[in-house]
Structures are given as C-alpha cells and as structure tokens.
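Take a look at the letters that make up each chain.
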Amino acid sequence: MATCSGFFIVQGSGMSDKIDQQEEQSITRRFVAGVEYNGALFKGWQKQKHYAGPSVQEALEKAISRVANHTVDVVCAGRTDAGVHASAQVIHFDTSAVRDERAWKLGINTNLPDGVCVNWIMPAPQDFHARFSAVARRYRYFIMNKQVKPGLMHDGVSWWRRPLDAEKMHEAAQYLLGEHDFTSFRAKDCQARHAVRTMKYISVKRLNDWVIVEVCANAFLYHMVRNIVGVLLPIGEGKKPVEWCEQVLAAQDRRQAGVTAPGEGLYFVNVEYPEYPHLPIDGTGPAFYQFMSHAEG
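The shown structure was predicted, so the numbers you read here are calculated from the model rather than taken from an experiment.

Q: With reference to specific residues and values, describe the pattern of salt bridges.
A: Inspection of the entire model under this criterion finds 9 salt bridges. The salt bridge partner of Glu58 is Lys62, with a shortest N-O separation of 3.6 Å. Of the two residues, Glu58 and Lys62 both sit in helix α2 (residues 56-68), 4 residues apart, roughly one turn of that helix. Several salt bridges share partner residues, and in doing so they unite Arg138, Arg140 and Glu214 into one network.

Okay, here's the thing in structure tokens:
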C-alpha cells in the first residue's frame with residue numbers, strides 16, 4: 001500500500017472494482033418484456049392464493065427470479081382468463097440483478113415451461129407501468145365456422161357449427177362503440193369498481209371458414225370480450241335481430257345478455273403505449289392470423 005498527498009492508493013487489490021459492482025447491484029432497475037403464451041396450458045394469468053393449477057404469472061416469476069437470483073414480482077398489461085391466449089402480452093418487473101438483454105431473454109426462456117416464452121426484453125424508465133401506462137388493449141376472437149369441429153386447433157380456436165352472418169354481427173357490434181356502462185357484459189365475479197369502459201374499435205369479418213371478432217378498448221371487464229361474442233353469435237345465426245345488441249347494452253343487466261363464449265378462441269394481441277413508442281410490440285398476431293390475412297390479400 002502506498003500513499004499520495006495524504007490519500008491511500010490500493011494497488012492490485014481490485015477493491016475499487018468490487019465496490020463498483022456492489023453499488024451497481026444495489027440499484028433497482030425496471031425491465032419491460034413481450035410475452036406470448038398458450039392459455040390452454042394454464043389456469044389464467046393470475047397466480048392464486050390457493051393453488052388451482054399453473055398460472056402464467058407464477059411461471060414467469062419463477063423463471064425471472066431464478067435468473068435474477070432474487071424474488072421478482074411481475075405486472076402485466078392485461079390479465080387473461082383460463083384458456084385465453086396471448087401473442088403480445090406486456091410485462092414489467094424490477095430487479096437489482098445486472099444482466100444484459102440477451103442474458104435475460106435466454107435465461108428466462110430456459111427456465112420457462114412449455115407454452116410460454118419471452119420474445120423481447122429491454123430496460124424501461126422507472127415511471128413505466130405495464131398496466132397503468134397503457135391507454136388501450138386489443139383482443140381477437142377466432143371462430144371456426146363449419147360443421148366439422150377442428151382437430152388440430154381444438155384448444156386454440158372456438159367452434160360454431162351453424163352458419164354465421166358476419167356482416168350482421170359487425171353491424172350489431174357498432175352499437176358498442178364509445179363510452180358505455182358495460183354491466184350487461186360483465187361477469188358476476190368481476191371486481192372492477194365500475195363498468196364504464198370506452199370501446200375504441202370493434203369489427204367482425206369473415207375469412208373463408210373463419211369469423212374473427214376484433215375489439216379495442218381502454219380497458220376490459222372480467223369476461224367482457226367473451227360475453228360480447230356471446231351476444232353476437234345468436235345475431236349471426238339469425239335468432240336475434242341486430243338491434244338486440246343495443247338493447248342488451250342499455251339494459252345494464254347481465255341476465256339480459258347471452259352466453260359466455262369459450263376462452264380458447266380469445267387472444268390478447270396488442271397494447272398501446274403512446275408515451276413509449278420504442279417498445280417493439282407486434283400487434284399483428286397470432287402467427288396463424290398473419291398467414292390467413294396474407295392469403296386472403
């Protein structure tokens with residue numbers, strides 16, 4: 001050890017490097033990531049106090065915690081029900097671990113079970129929040145509309161054997177545009193403080209044997225999309241008039257609506273973050289929809 005002008009100089013000890021590493025590891029950083037998953041393999045997004053089966057949240061938290069070497073909590077843009085899929089879910093988490101983006105992605109995916117993966121990950125500002133920073137979420141609901149039920153995609157799409165008029169379904173759906181009280185489309189177990197939501201976009205279209213319902217709103221109630229589809233299906237069959245959708249909305253009574261459509265046809269496909277345009281969110285999914293749209297074009 002030598003001295004210079006009254007200050008100690010540590011020679012060859014590496015102590016300064018250790019101090020720098022310790023200081024770096026004491027800093028909490030926020031990361032944002034894009035996740036896709038097959039909802040058929042999970043009992044929904046949210047982990048439960050009493051175990052009822054695997055959840056996406058639990059799988060991600062275990063994998064990320066293992067890579068970070070400390071317990072990590074994960075927040076998502078929109079919670080999905082059992083059986084519901086996602087092609088562009090967005091999450092954030094905080095960590096003091098020092099890893100580069102490649103190490104995070106490879107490490108997390110190595111520790112995840114089948115049916116879920118992280119497509120991208122990057123540092124985020126501390127004020128970014130996967131849920132509260134989002135201004136809109138988008139879902140697509142896929143109905144295979146033919147007499148024979150699907151074999152290969154039985155847990156990835158919904159099936160309706162009776163013919164559906166997609167044009168009438170689309171016309172009916174337009175009554176839902178704008179800000180409304182969506183109580184009629186809210187599951188009884190919904191814990192939201194109120195049922196007012198703003199529907200920014202809704203469409204129904206046919207691609208050969210497929211009927212696709214696409215919805216975009218600032219936020220969604222529990223089972224809201226599936227209950228909307230449940231109202232549109234009898235209209236598509238001709239059992240209910242187009243105006244019935246407006247009547248159900250105005251009733252603000254879940255008992256006046258239709259059935260809850262199955263979860264397997266529903267995909268979480270996009271999130272809007274206007275203040276964070278650099279996020280590489282791909283809202284064109286799922287992959288088979290990209291192929292269908294390209295073939296139709």
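Q: Please give an account of α2 that cites residues and values.
A: Under the 1.5 Å per step criterion, the end-to-end length of α2 is 18 Å for 13 residues, consistent within 8% with the ideal 18 Å. Across the 13 residues that make up α2, a large majority, 10, are buried. Inspection of α2 places Val56, Gln57, Ala59, Leu60, Glu61, Ala63, Ile64, Ser65, Val67 and Ala68 among the buried residues, and these make up the whole buried set. The secondary structure elements touched by the buried residues of α2 are β3 (29-37), β4 (74-76), β5 (85-95), α3 (101-111) and β6 (116-124). Within two residues after α2, Asn69 carries a phi angle of roughly 65°, on the positive side.

Q: An account of the environment of Glu171 is requested, with residue identities and associated values reported.
A: Of note, Glu171 is situated in helix α4 (residues 166-173). Measuring from C-alpha to C-alpha, the distance between Glu171 and Ser203 comes to 8.5 Å, with 32 residues separating the pair along the chain.

Q: Explain the packing of α4 against helix α5 (residues 224-237) residue by residue, including any values.
A: Their axes nearest at 8 Å, the elements α4 and α5 cross at an angle of 135°. The angle between the axes of α4 and α5 places the two elements in the oblique class. Helix-helix and strand crossings are classified by hand; for α4 and α5 the assignment is right-handed. Residues Lys168, Met169, Ala172 and Ala173 of α4 pack against Leu232, Leu233, Ile235 and Gly236 of α5.

Q: So what about the layout of surface pockets? Which residues, and what values?
A: When its volume is computed, the largest pocket comes out at roughly 1,400 Å³. If you go around the largest pocket, you meet 43 residues; those closest to its centre are Gln46, Arg79, Arg131, Phe220 and Tyr222. Breaking the lining of the largest pocket down by element, the ones donating at least two residues are β4, β7 (136-144), β10 (196-207), α5 and β12 (266-272). Classifying every residue of the lining of the largest pocket gives 21 nonpolar, 11 polar and 11 charged. Inspection of the lining of the largest pocket shows a minimum of three residues originating in each of domain 1 (29-123) and domain 2 (136-273).

Q: Mind laying out the packing of aromatic side chains, listing which residues take part and the relevant values?
A: One pass over the structure, following the stated rule, counts 15 aromatic pairs. On the basis of an interplanar angle of 65° and a centroid distance of 5.6 Å, the ring pair of Phe142 and Tyr289 is categorised as edge-to-face. Placement of Phe142 in strand β7 and of Tyr289 in helix α7 (residues 287-296) is noted, with a sequence separation of 147 residues between them. When sorted by exposure, Phe142 lands in the same class as Tyr289, which is buried. Every member of this aromatic cluster is reached through a ring pair, and the members are Phe142, Trp210, Tyr267, Phe288 and Tyr289. Taking NZ or CZ as reference, Lys240 lies 4.8 Å from the ring centre of Trp244, over its face.

Q: Can you explain the UniProt feature "active site" (unreviewed entry) in the chain? Please cite residues and give values.
A: Mapped onto the present numbering, the UniProt feature "active site" (unreviewed entry) falls at Asp81. Following the sequence through the fold, Asp81 ends up in the loop between β4 and β5. Once you skip the residues sitting within four places of it in the chain, Asp81 turns out to touch Gly44, Tyr222, His223 and Arg226.

Q: I'd like to hear about the pairing of strand β11 (residues 210-217), residue by residue, with values.
A: The element β11 is largely enclosed, with a buried count of 8 among its 8 residues. Residues Trp210, Ile212, Glu214 and Cys216 of β11 are buried on one face, and the alternating residues Val211, Val213, Val215 and Ala217, pointing to the opposite face, are buried as well. The pairing of β7 with β11 spans 8 bridges and is classified as antiparallel. Pairing of Tyr141 across the sheet is with Val213, part of β11. Here β10 runs beside β11; their pairing, made up of 8 bridges, is antiparallel. Looking at the pairing, Met199 lines up with Ala217 of β11. In textbook terms, the turn of a hairpin is the stretch between consecutive antiparallel strands, and for β10 and β11 this stretch comprises 2 residues, one of which, Asn208, has a positive phi near 55°.

Q: Could you give me a rundown of the UniProt feature "binding site: substrate" (unreviewed entry) in the chain, with the residues and numbers involved?
A: In this numbering, the UniProt entry assigns the feature "binding site: substrate" (unreviewed entry) to Tyr139. Leaving out residues up to four positions away in the same chain, Tyr139 has contacts with Arg79, Thr80, Val213, Glu214, Val215, Phe220, Val225, Leu266, Tyr267, Phe268 and Val269.

Q: Explain the side chain of His223 to me, and be specific about the residues and the numbers.
A: Relative to the helices and strands, His223 is located in the loop between β11 and α5. According to the relative accessible area criterion, His223 is buried, its value standing at 18%. Here His223 is in contact with Asp81, Phe185, Ala187 and Thr260, once residues within four sequence places are set aside.

Cut-offs used in this document
Residues numbered from 1 in each chain as written. Predicted model: local features only at pLDDT ≥ 70, side-chain atom pairs only at ≥ 80, totals over all residues. Heavy atoms only, no water. Salt bridge = Lys/Arg side-chain N within 4 Å of Asp/Glu carboxyl O. Helix = DSSP H or I, 4+ residues; strand = E, 2+ residues; numbered from the N terminus. Expected span 1.5 Å × (residues − 1). Buried < 20%, exposed > 50% of the residue type's maximum accessible area, 1.4 Å probe, protein only. Contact = heavy atoms within 4.5 Å. Axes fitted to C-alpha atoms, helices over the stretch in contact; angles between N-to-C directions. Parallel < 35°, antiparallel > 145°, perpendicular 65-115°, else oblique. Left-handed = near helix turned anticlockwise from the far one by under 90°. 1 Å grid on protein atoms, 1.4 Å probe; cavity = no way out; pocket = protein on both sides within 12 Å on 5 of 7 lines; lining within 4 Å. Points joined across faces, edges and corners; volume = space filled by probe spheres on them. Nonpolar A, V, L, I, M, F, W, Y, C, P; charged D, E, K, R; others polar. Domains from an automatic or database assignment. Phe/Tyr/Trp six-rings, centres within 6.5 Å; stacked < 30°, edge-to-face > 60°. Lys NZ or Arg CZ within 6 Å of the ring centre and 35° of its normal. UniProt positions renumbered as here; feature names shortened; annotations may be inferred. Pairing = 2+ DSSP bridges.

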